[in-house]
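Read off the chains here:
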Amino acid sequence: MNELDELAQCLGQGQTKRVADLTQQLLDKGVGPQRILNEGLIAGMAVVGEKMRSGEMYLPEVLQAASGMQASLRLLKPYLVKEGAQPLGKILLGTVKGDMHDIGKNLVGIMLQGAGFEIVDLGLNVPPQKFIEAITDHTPAIVGLSAMLTTTMLNMKTTIDAIGAAGLRSQVKVIVGGAPVSQKFAEEIGADGYARDAVLAVDKVKQLLGVSAQG
Ligand code: B1M
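Below you will find a few notes about this structure. (Residues numbered from 1 in each chain as written. Predicted model: local features only at pLDDT ≥ 70, side-chain atom pairs only at ≥ 80, totals over all residues. Heavy atoms only, no water.)

## Let's talk about unusual backbone geometry
Right, so step 1: Positive phi, normally seen in glycine, also occurs at asparagine 125, with a value near 55 degrees.
Right, so step 2: With respect to the helices and strands, the residue asparagine 125 is situated in the loop between strand E2 (118-121) and helix H6 (128-138). (Helix = DSSP H or I, 4+ residues; strand = E, 2+ residues; numbered from the N terminus.)

See the structure below:
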């Protein structure tokens with residue numbers, strides 16, 4: 001088995017330390033962080049998702065896998081983020097109210113930071129009021145909402161509506177993403193953009209802010 005497959009397998013088995021060690025070994029060997037992410041971590045997490053759906057894996061085991069992913073992402077982050085560049089704009093990020101999934105949102109934050117944006121991360125389970133306060137405090141150009149459940153994705157609309165009711169909607173563009181979210185849903189709830197993954201989120205933010213692809 002190659003080390004990327006082993007990384008995916010160890011992630012699914014909840015071997016946090018081994019996941020971190022393998023990530024470091026792969027980086028030391030010069031394997032690119034995007035490959036480690038896609039062929040190791042995301043591939044491993046997809047298997048975890050399938051096992052969760054089929055009832056083969058339970059919540060504590062999924063949490064353990066998530067902790068391995070977070071440990072590995074901490075090691076990958078410096079390789080994915082360009083330090084010292086002048087920020088291209090400020091992005092407010094958060095997982096909407098009721099939703100405890102933050103790995104995808106964290107990855108979106110890392111990729112945006114890597115592309116030169118300043119990130120204000122409100123974390124997970126963020127109520128609309130907290131987004132409103134943060135827009136007032138930080139004046140971001142873009143607000144990014146993440147949701148991973150078909151139930152909590154509805155809170156994206158609640159959040160966008162609350163931003164509108166607070167009179168702040170014209171000050172920010174809103175992008176949405178997460179496994180159950182689609183372009184159609186984004187349009188229905190009045191978001192300005194949708195991105196399927198973290199790389200496309202960078203493209204969408206650049207497009208909305210008129211920043212060149214190289215920028
Ligand atoms: Co949860 N969970 N979970 N879970 N979990 C899913 C989402 C699920 C699909 C699993 C399944 O059944 N197959 C399912 C949702 C079903 C549905 O609603 N349709 C599910 C369920 C049911 C639940 C609970 C209800 C389980 C229970 O309690 N019985 C519960 C809900 C808790 C809550 O939120 N209130 C629950 C809990 C958890 C844990 C806490 C144990 C853990 C999360 C830990 C954490 O995040 N810190 C967890 C995990 C890990 C998963 C799976 C296995 C993996 C999610 C993940 O991290 N993927 C997931 C199954 C799956 O997705 N295959 C599942 C890796 C990550 C890199 O991808 O998050 O998709 P992802 O992010 C991508 C894109 O979506 C996109 O870019 C990211 C990077 O490319 N993206 C954006 C995300 N946000 C974006 C924002 C953007 C743009 C793009 O712009 C702003």
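## So, the coordination of the cobalt atom of the ligand
Right, so step 1: For the cobalt atom of the ligand, the protein supplies a single donor, His101 (NE2), at a distance of 2.2 Å.
Right, so step 2: Mapping histidine 101 onto the fold places it in the loop between strand E1 (90-95) and helix H5 (103-114). (Donors = N, O, S within 2.8 Å, 3.2 Å for Na, K, Ca; no water.)

## Regarding the pairing of E2
Right, so step 1: As paired elements, E1 and E2 share 4 bridges and run parallel to each other. Looking across to E2, one finds that leucine 93 is bridged to aspartate 121.
Right, so step 2: On the question of chirality, the crossover connecting E1 to the parallel E2 by way of H5 is right-handed. (Pairing = 2+ DSSP bridges. Right-handed = clockwise from strand over helix to strand, strands pointing away.)

## So, the packing of helix H1 (residues 3-12) against helix H3 (residues 33-53)
Right, so step 1: One way to put it is that H1 packs onto H3 with a least axis distance of 8 Å and a crossing angle of 35 degrees. Judged by the twist between their axes, the crossing of H1 over H3 is right-handed. Here H1 contributes Leu4, Leu7, Ala8, Leu11 and Gly12 to the contact with H3, which in turn contributes Arg35, Ile36, Glu39, Gly40, Leu41, Ala43, Gly44, Met45 and Val48.
Right, so step 2: Tallied by class, the residues present in the contact of H1 with H3 amount to 9 nonpolar, 3 polar and 2 charged. (Axes fitted to C-alpha atoms, helices over the stretch in contact; angles between N-to-C directions. Left-handed = near helix turned anticlockwise from the far one by under 90°. Contact = heavy atoms within 4.5 Å. Nonpolar A, V, L, I, M, F, W, Y, C, P; charged D, E, K, R; others polar.)

## Section: the layout of surface pockets
Right, so step 1: The space that makes up the largest pocket amounts to roughly 1400 Å³.
Right, so step 2: Forming the walls of the largest pocket are 46 residues, and the residues nearest its centre are Met45, Ile103, Gly104, Met148 and Ala179.
Right, so step 3: Elements that contribute at least two residues to the lining of the largest pocket include exactly H3, helix H4 (59-80), E1, H5, strand E3 (142-146), strand E4 (173-177) and helix H9 (198-209).
Right, so step 4: For the lining of the largest pocket, the element with the most residues is H3, which contributes 11 residues.
Right, so step 5: Across the lining of the largest pocket, the residue classes break down as 27 nonpolar, 12 polar and 7 charged.
Right, so step 6: Two domains each put at least three residues into the lining of the largest pocket: domain 1 (3-83) and domain 2 (90-209).
Right, so step 7: Along its surface, the second largest pocket is lined by Gln70, Leu73, Arg74, Lys77, Asn106, Gly109, Ile110, Gln113, Ile119 and Asp121.
Right, so step 8: Contributing elements (two or more residues each) for the lining of the second largest pocket: H4, H5 and E2. (1 Å grid on protein atoms, 1.4 Å probe; cavity = no way out; pocket = protein on both sides within 12 Å on 5 of 7 lines; lining within 4 Å. Points joined across faces, edges and corners; volume = space filled by probe spheres on them. Domains from an automatic or database assignment.)

## Brief notes about the nonpolar core
Right, so step 1: With 40 residues, the main nonpolar core has Ile36, Leu41, Met45 and Leu73 as its most contacted residues.
Right, so step 2: At the level of elements, H1, helix H2 (16-28), H3, H4, E1, H5 and H9 are the ones that each hand at least two residues to this core.
Right, so step 3: Ranked by residues supplied to this core, first place goes to H4 with 7 residues.
Right, so step 4: Counting the residues that make up this core, at least three belong to each of domain 1 (3-83) and domain 2 (90-209).
Right, so step 5: Among residues more than four places away in sequence, those in contact with isoleucine 36 are Leu4, Leu7, Thr23, Leu26, Leu27, Val31, Leu41 and Leu76.
Right, so step 6: With 27 residues, the next largest nonpolar core counts Phe131, Ala134, Val143 and Val174 among its residues. (Core = buried A, V, L, I, M, F, W, Y, C linked by side-chain atoms within 4.5 Å. Buried < 20%, exposed > 50% of the residue type's maximum accessible area, 1.4 Å probe, protein only.)

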